Amino acid sequence: MLIKRREFLKISSLATASLLMPNFLKAMTLDEALNPNQNILVVLQFTGGNDGLNTIIPAKNDIYFRERKTLAVQDSLSLTDEAGINPSLSYFKELFDNGELSVMNNVGYPNPDKSHFRSMDIWQSASKSDEFLDTGWLGRFLDEECYRCEHPTQALEVDDMLSLALKGENNKAFAFKDPKRLYQTSQEKYFKSLYDHHHDDETVSYLYQTLGSTINNAGYIFEKSKAKKTEQTYPNSQLGKDFKTVASLIKSDINTQVYYVSIGSFDTHVNQNDRQKKLFDDINEAVKSFVADMKSDGLFNNILLMTFSEFGRRVAQNASNGTDHGTANQMFFISGNLKKKGLLNSLPDLQNLNEGDLIYTEDFRKVYATILKNWLKADSSKVLGWKNGVYDFI
């Protein structure tokens, strides 16, 4: 069967999602609803290395203002006597005041790597800095869960490509940008014919079978995404659209426990303040709509929204009104069911630096272990190999 170039491009796009699809996704066609009391994790990735010092601001620290003569945030919104938050994250300040936001400062790992790609791999795989893994921490969670759960525990990423974080040894999440677009592509006559197509080559035959299975599941995801249309108004930004997709799926009876979205780029080497403000504005409004949506349906207590970035920035600004690649950073946790609220630990120590970089005090793998054990109710030691305890903020 000859494939025209246009058809090849379309099948390549669909194959991107298909080859990332786990076998257990087929079971999503079963009429099994997510346990209404089951916790849901939403991961928001700040791609590019967000500047943590201009996010949670050490408002009373002279070193901060001395090292950032033009970049220092002068009008931060007060959180505590010592700490403020970037004014573009005004809704995060409201969440903080309501006891619906926790902040973990100084999060990182030993021997940090300043490469975007390598550090992101470390964060997504939960590896050591000198260890290379081809599976992600949430992918291994899927591997662990799907051996003992009554129905598949599924993860979805709202993106065109699947992140390493969601790739397991035996199970992988499913990546898509728009449920409707994925469904429309899958319903074209050319693709539907793949159901009945057979090929002598084992690899090609497997590709056709996988694509055919994806066609079936694309319809399932699309139907769930529109099952309970939200009345909440979302911003017209890409992140706003992504959170609207997540909200629609959460409100349906789809058996999904983990959602993954991202925004960037935070690689602010030049003219940082304008770029960071634009990204924070998008995040602020999208999260505001999402939280309001979850609250309106009484779901907020079962939602944990977690943010991370692959590294922070250096303490001193550079000559281009920006900041260069750094090390430790903070993480946000948003939920209606936090056990500890506010700042969970001290602000970064700007007097004790490693060649101009922050020194981490909290290992991100301990944060992951906490989420796995306390929120997702999984065996964190099996998923991570981490046996150094957990935090108690959730």
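Since the structure is predicted, the reported quantities are computational estimates derived from the model, not experimental observations. (Residues numbered from 1 in each chain as written. Predicted model: local features only at pLDDT ≥ 70, side-chain atom pairs only at ≥ 80, totals over all residues. Heavy atoms only, no water.)

1. Brief notes about the pairing of strand E10 (residues 329-334)
Here E10 lies mainly inside the structure; 6 of its 6 residues are buried. Burial of the side chains of E10 extends over both faces: Asn329, Met331 and Phe333 are buried on one face and Gln330, Phe332 and Ile334 on the other. Both strand E5 (residues 101-108) and E10 contribute to a ladder of 5 bridges, which runs antiparallel. By the bridge assignment for E10, Met104 is matched with Met331. (Buried < 20%, exposed > 50% of the residue type's maximum accessible area, 1.4 Å probe, protein only. Helix = DSSP H or I, 4+ residues; strand = E, 2+ residues; numbered from the N terminus. Pairing = 2+ DSSP bridges.)

2. Let's talk about the nonpolar core
When a protein is soluble and globular, its nonpolar side chains tend to lie buried together. Judged by nonpolar contacts, the single largest core of 44 residues is most densely connected at Val42, Phe243, Ile283, Val287 and Phe290. Broken down by element, this core gets its largest block of residues, 8 residues, from helix H10 (residues 272-296). Setting aside anything within four residues of it in sequence, one finds Phe290 in contact with Val42, Tyr234, Phe243, Val246, Ala247, Ile250 and Ile303. In this structure, Val43, Ala175, Phe333 and Ala369 belong to the second largest nonpolar core, which totals 42 residues. (Core = buried A, V, L, I, M, F, W, Y, C linked by side-chain atoms within 4.5 Å. Contact = heavy atoms within 4.5 Å.)

3. Some words on the confidence of the model for the chain
Here the chain shows a mean pLDDT of 84. Residues at 70 or above account for 76%. In the model, residues 17-34 has pLDDT below 50 throughout and makes 58 contacts with residues more than four positions away in sequence or in other chains. (pLDDT = per-residue confidence, 0-100.)

4. Regarding helix H9 (residues 238-251)
For H9, built from 14 residues, the straight-helix expectation of 20 Å at 1.5 Å per residue is met to within 8% by its first-to-last C-alpha distance of 20 Å. Leu239, Gly240, Asp242, Phe243, Thr245, Val246, Ala247, Ser248, Leu249, Ile250 and Lys251 are the residues of H9 that are buried. (Expected span 1.5 Å × (residues − 1).)

5. A look at the pairing of strand E6 (residues 154-158)
Burial analysis of E6 places 5 of its 5 residues in the buried class, which makes it a mostly covered element. Both faces of E6 are covered, namely the face carrying Gln154, Leu156 and Val158 and the face carrying Ala155 and Glu157. With 4 bridges joining them, E6 and strand E8 (residues 256-263) adopt parallel strand pairing. For Glu157, the partnering residue across the bridge sits in E8 and is Tyr260. Relative to strand E7 (residues 174-176), E6 runs parallel, the two sharing 3 bridges. If you follow Val158 over to E7, its bridge partner there is Phe176.

6. Focus: unusual backbone geometry
In the segment running from Gly264 into Ser265, the intervening peptide bond is cis, with an omega of 5 degrees. Mapped onto the elements, Ser265 comes out in the loop between E8 and H10. Of note, Asn106 is a non-glycine position whose phi angle comes to about 60 degrees, a positive value. Mapped onto the elements, Asn106 comes out in strand E5. For Asn106, a relative accessible area of 7% translates into the label buried.

7. Thoughts on the packing of aromatic side chains
Scanning all chains against the criterion turns up 14 aromatic pairs. With 6.4 Å between their ring centres and 40 degrees between their planes, Tyr391 and Phe393 make a pair best called tilted. The residues Tyr391 and Phe393 share a single accessibility class, namely buried. Ring-pair connections join several aromatic residues into one group, and the members of that group are Tyr109, Trp123, Trp137, Phe308, Phe364 and Tyr368. Its guanidinium or amino end placed over the ring of Phe132, Arg118 lies 3.9 Å from that ring's centre, counting from NZ or CZ. Seen from the ring of Tyr391, Lys366 lies directly overhead, with NZ or CZ sitting 4.5 Å from the centre. (Phe/Tyr/Trp six-rings, centres within 6.5 Å; stacked < 30°, edge-to-face > 60°. Lys NZ or Arg CZ within 6 Å of the ring centre and 35° of its normal.)

8. Details of the environment of Leu166
If you trace the backbone, Leu166 turns up in the loop between E6 and E7. Classification of Leu166 as buried rests on a relative accessible area of 0%.

9. Here's the deal with the packing of H9 against H10
At a minimum axis separation of 9 Å, H9 and H10 run at an interaxial angle of 15 degrees. In terms of axis orientation, H9 runs roughly parallel to H10. For the pair H9 and H10, the sense of crossing is right-handed. Residues Leu239, Gly240, Phe243, Val246, Ala247, Ile250 and Lys251 of H9 form the contact with H10, whose participating residues are Asp282, Ile283, Ala286, Val287, Phe290, Asp293, Met294 and Ser296. Class assignment for the residues of the contact of H9 with H10 results in 10 nonpolar, 2 polar and 3 charged. (Axes fitted to C-alpha atoms, helices over the stretch in contact; angles between N-to-C directions. Parallel < 35°, antiparallel > 145°, perpendicular 65-115°, else oblique. Left-handed = near helix turned anticlockwise from the far one by under 90°. Nonpolar A, V, L, I, M, F, W, Y, C, P; charged D, E, K, R; others polar.)

10. Some thoughts on the pattern of salt bridges
This model, assessed by the stated rule, comprises 14 salt bridges. Asp97 is the salt-bridge partner of Lys93, the closest N and O atoms lying 3.2 Å from each other. Residue Lys93 and its partner Asp97 are both found in helix H3 (residues 90-97); the two are separated by 4 residues, about one turn of the helix. Residue Asp97 is classed as partly exposed on the basis of its relative accessible area of 48%. Between Asp357 and Lys114 there is a salt bridge, and its shortest N-O distance comes to 2.5 Å. Of the two residues, Asp357 is situated in the loop between strand E11 (342-343) and strand E12 (362-363) and Lys114 in the loop between E5 and helix H4 (116-125); the sequence distance between them amounts to 243 residues. Taking the relative accessible area as the measure of exposure, Asp357 reaches 5% and is therefore buried. According to the relative accessible area criterion, Lys114 is partly exposed, its value standing at 32%. Each of Lys114, Arg314 and Asp357 takes part in salt bridges that share partners, so that together they form one network. (Salt bridge = Lys/Arg side-chain N within 4 Å of Asp/Glu carboxyl O.)

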